[in-house]
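Spelled out from the first residue to the last, the chains are:
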Amino acid sequence: MTRAPARIAGTRGARAAVLAAGLALLLTACGNNMADQPKLQALEASPYFPGGGALPPVGDTVSREVGAIDPVFFTGQQGGALATELPIELSVELLQRGQERYDIYCAVCHGYTGAGDGMIVTRGFPAPTSFHAERLLAQPVGYFFNAATNGFGRMYGYASRIPPEDRWAISAYVKALQLSQNATQDDVPAAILHEILGTEGRAR
Ligand code: HEC
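First, a word on what this report is: a plain description of the structure on this page.

## Re the layout of surface pockets
- Computed from the structure, the largest pocket encloses a volume of approximately 630 Å³.
- In terms of lining residues, the largest pocket is bounded by 28 residues, among which H110, P128, F131, F152 and M155 are the most central.
- Secondary-structure elements contributing two or more residues to the lining of the largest pocket are α3 (92-105), α4 (107-110), α6 (134-137), α7 (141-150) and α8 (164-181).
- Among the residues making up the lining of the largest pocket, the classes are represented as 22 nonpolar, four polar and two charged.

## As for the side chain of T149
- The topology assignment puts T149 in helix α7.
- Taking the relative accessible area as the measure of exposure, T149 reaches 11% and is therefore buried.
- Within the local environment of T149, its side chain forms a polar contact with the backbone oxygen of F145, the two atoms lying 2.6 Å apart.
- When residues no more than four places from it in sequence are discounted, the contact partners of T149 are G157, Y158, A159 and R167.

## Examining the site of the ligand
- Close contacts around the ligand come from 24 residues, with C106, C109, H110, Y143 and M155 the closest.
- Residue R135 places a side-chain N or O atom 2.6 Å away from an oxygen atom belonging to the ligand.
- In this structure, R154 approaches the ligand through a main-chain N or O atom, which is 2.9 Å from an oxygen atom.
- Here the ligand occupies the largest pocket.

The rules behind the values
- Residues numbered from 1 in each chain as written.
- Predicted model: local features only at pLDDT ≥ 70, side-chain atom pairs only at ≥ 80, totals over all residues.
- Heavy atoms only, no water.
- 1 Å grid on protein atoms, 1.4 Å probe; cavity = no way out; pocket = protein on both sides within 12 Å on 5 of 7 lines; lining within 4 Å.
- Points joined across faces, edges and corners; volume = space filled by probe spheres on them.
- Helix = DSSP H or I, 4+ residues; strand = E, 2+ residues; numbered from the N terminus.
- Nonpolar A, V, L, I, M, F, W, Y, C, P; charged D, E, K, R; others polar.
- Buried < 20%, exposed > 50% of the residue type's maximum accessible area, 1.4 Å probe, protein only.
- Polar contact = N/O pair within 3.5 Å; in protein donor to acceptor, adjacent residues only side chain to side chain.
- Contact = heavy atoms within 4.5 Å.
- Near = heavy atom within 4 Å.
- Sits in = over half its atoms within 2 Å of the grid points.

Take it as geometry only, folks, not as evidence of what the structure does.
Dropping the structure here:
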């Protein structure tokens, strides 16, 4: 009776010793050989080139960082300031594309006229400020591109879902929406105004 526990302890001790030996063997096998491979790593000193260091990138190398090629087009900003002008050509087609994309992606919350009364808002989602509020009328086109790209407060960004060209088209359309809701007769070209007002000179 008295020997049994001792034997168990002895077996345990032997097991532990074998385990420790195995571990020691494993650890000694882990030298630095795997880490120090006979290959060159990026920017590592090298005896191949004069100076022993990495060479500067070849001429015309283009960074793959977002916005490195055309910061205004990709970020809506330049030098920390929001773009005040469209980096792509403004055309009726661009505004029509912007309207189509706005109606798909933005109108559900911002409303078809930008008043902040979209369907989702009428069902309880927080209402965004109307695009026709003075603070937003004063914002440059880059402001809308920036919000569509990076999100704004509770609104998530659309960079992964809407390509930059379309985000610009939408931003241009929002500026057009602002104009449409805040225009005076003087903003309408004379020929069109004549057509609207008719010969009597008042709205039909
Ligand atoms: C799911 C609803 C929703 C959708 C869709 C949505 N927005 Fe918003 N947006 C909001 C809300 C809510 C705010 C205000 C967020 C806050 O203040 O926290 C906001 C804020 C903004 C602002 C800033 C307004 C300010 O007060 O300065 C801009 C600009 C804007 N959105 C543009 C867009 C554009 C462009 C699209 C489409 C690409 C879009 N939003 C799609 C809900 C939405």
